[in-house]
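Inside the fold
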Amino acid sequence: MNFPLKNILSAFLLAFCFFAAGCSKDETYAKKKKREMENIDNFIRENGITTISIADYLEKGYTLNPENYPDSMKNEYICFTDKNVYMQIINVGQGDTLREGERKNYTVRFVEYNIQSKDTILYNIYESVPDCITISLSEGVYSATFTSGVMYNAYGASVPTGWLIPFEFTTPGFYNSRAAHVKLILPHNEGSTTAAANVYPAYYELFISPEKWQ
């Protein structure tokens, strides 16, 4: 069966358009990721942040007494190069670690800041009721869900994966100077569902404590 040349050309052009559209999407996402990296780098530079490795952090012994940082070290963030995540531990807290097989409820007071648009998105620092979160540790893997609060209302039960990192390094106590206090710089894939969908980085400041102390 012979097809008219006109139909063949039309089919070829249609296929090319689909291919070009797919490439365009890939390029657009790549550009967004590149812009995200630039935004993170600019945020780090503009805020005078210095970065260290996990090994350096542990070697210097800051894990035990981060509140005793010398002034020159107070703006140091641990760099998790495999995740492009940055974390500063201001206070590890004076509570317990989450042990293997355990499931506990915590409360979190936080500020969420969009690094790209330079806007504060959400916060509950001044709310009378903090956000509630359930954390589990199974076979060395942390998982979590929001059960109530500002983040739950905005994003549902899904917890940013970057929020789980502090639980490996802190021992949250009750909500005062002994609560765990950390700052995070998260790329889109470690942040909220909205950040993931729109490819933008976010900065968080978190105060974490066991639910029973609220």
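Structural data are supplied above this passage.
Residues numbered from 1 in each chain as written. Predicted model: local features only at pLDDT ≥ 70, side-chain atom pairs only at ≥ 80, totals over all residues. Heavy atoms only, no water.

So, on to the pairing of strand 3 (residues 85-91). Taking burial as the measure, the seven residues of strand 3 include six buried ones, the bulk of the element. In terms of strand pairing, strand 2 (residues 76-80) meets strand 3 through three bridges, oriented antiparallel. Its bridge partner lying in strand 3, F80 is registered against V85. What sits between strand 2 and strand 3 in their antiparallel hairpin is a turn of four residues, with N84 showing a positive phi close to 60°. Looking at chain direction, strand 3 and strand 8 (residues 180-186) are connected through five bridges and run antiparallel. Paired with N91 across the bridge in strand 8 is H181. (Buried < 20%, exposed > 50% of the residue type's maximum accessible area, 1.4 Å probe, protein only. Helix = DSSP H or I, 4+ residues; strand = E, 2+ residues; numbered from the N terminus. Pairing = 2+ DSSP bridges.)

A few words now on the side chain of Q88. Among the secondary structure elements, Q88 is positioned in strand 3. The class for Q88 is buried, based on a relative accessible area of 3%. Not counting residues within four places of it along the chain, the set of residues in contact with Q88 comprises K74, N75, E76, Y77, H181, V182 and K183. (Contact = heavy atoms within 4.5 Å.)

Right, let's get into the nonpolar core. The biggest cluster of nonpolar side chains holds 35 residues, and the ones touching the most others in it are M87, I133, I135, W163 and L206. Leave out the neighbours within four places in its chain, and I133 touches K104, N105, Y106, V108, A144, T145, F146, T147, V159 and W163. Counting ten residues, the second largest nonpolar core, distinct from the first, contains I49, Y77, C79 and I115. (Core = buried A, V, L, I, M, F, W, Y, C linked by side-chain atoms within 4.5 Å.)

Right, let's talk about the environment of T161 for a bit. Mapped onto the elements of the fold, T161 is located in the loop between helix 3 (150-155) and strand 8. Residue classification places T161 among the partly exposed positions, given a relative accessible area of 40%. For the pair T161 and S143, spaced 18 residues apart in sequence, the C-alpha to C-alpha distance is 8.2 Å. In contact with T161, not counting residues within four places along its chain, are N189 and E190.

The residue N84 is not glycine, and still its phi comes out positive at about 60°. Tracing the backbone shows N84 in the loop between strand 2 and strand 3. In this structure, V199 takes a positive phi of about 55° despite not being glycine. Residue position: V199 is located in the loop between helix 4 (193-198) and strand 9 (202-210). By relative accessible area, V199 is classed as buried at 3%.

Below, the discussion takes up the pattern of salt bridges. Inspection of the entire model under this criterion finds one salt bridge. Here K104 makes a salt bridge to E102, at a shortest N to O gap of 4.0 Å. (Salt bridge = Lys/Arg side-chain N within 4 Å of Asp/Glu carboxyl O.)

On to the pairing of strand 9, then. Most of strand 9 sits inside the fold, with nine of its nine residues counted as buried. Of the two faces of strand 9, both are covered, the one formed by A202, Y204, L206, I208 and P210 as well as the one formed by Y203, E205, F207 and S209. Summarising the sheet, strand 4 (residues 103-114) and strand 9 pair through nine bridges and their orientation is antiparallel. Considered in strand 9, the bridge of V108 is made with I208. As paired strands, strand 8 and strand 9 are joined by seven bridges and run antiparallel to one another. Counted as the bridge partner of H181 is F207 from strand 9.

Further remarks concern the environment of D96. Positionally, D96 belongs in the loop between strand 3 and strand 4. Residue class for D96 comes out partly exposed when judged on its relative accessible area of 44%. As for D96 and P210, which are separated by 114 residues in sequence, their C-alpha atoms are 9.2 Å apart. Leaving out residues up to four positions away in the same chain, D96 has contacts with K104, T171 and P172.

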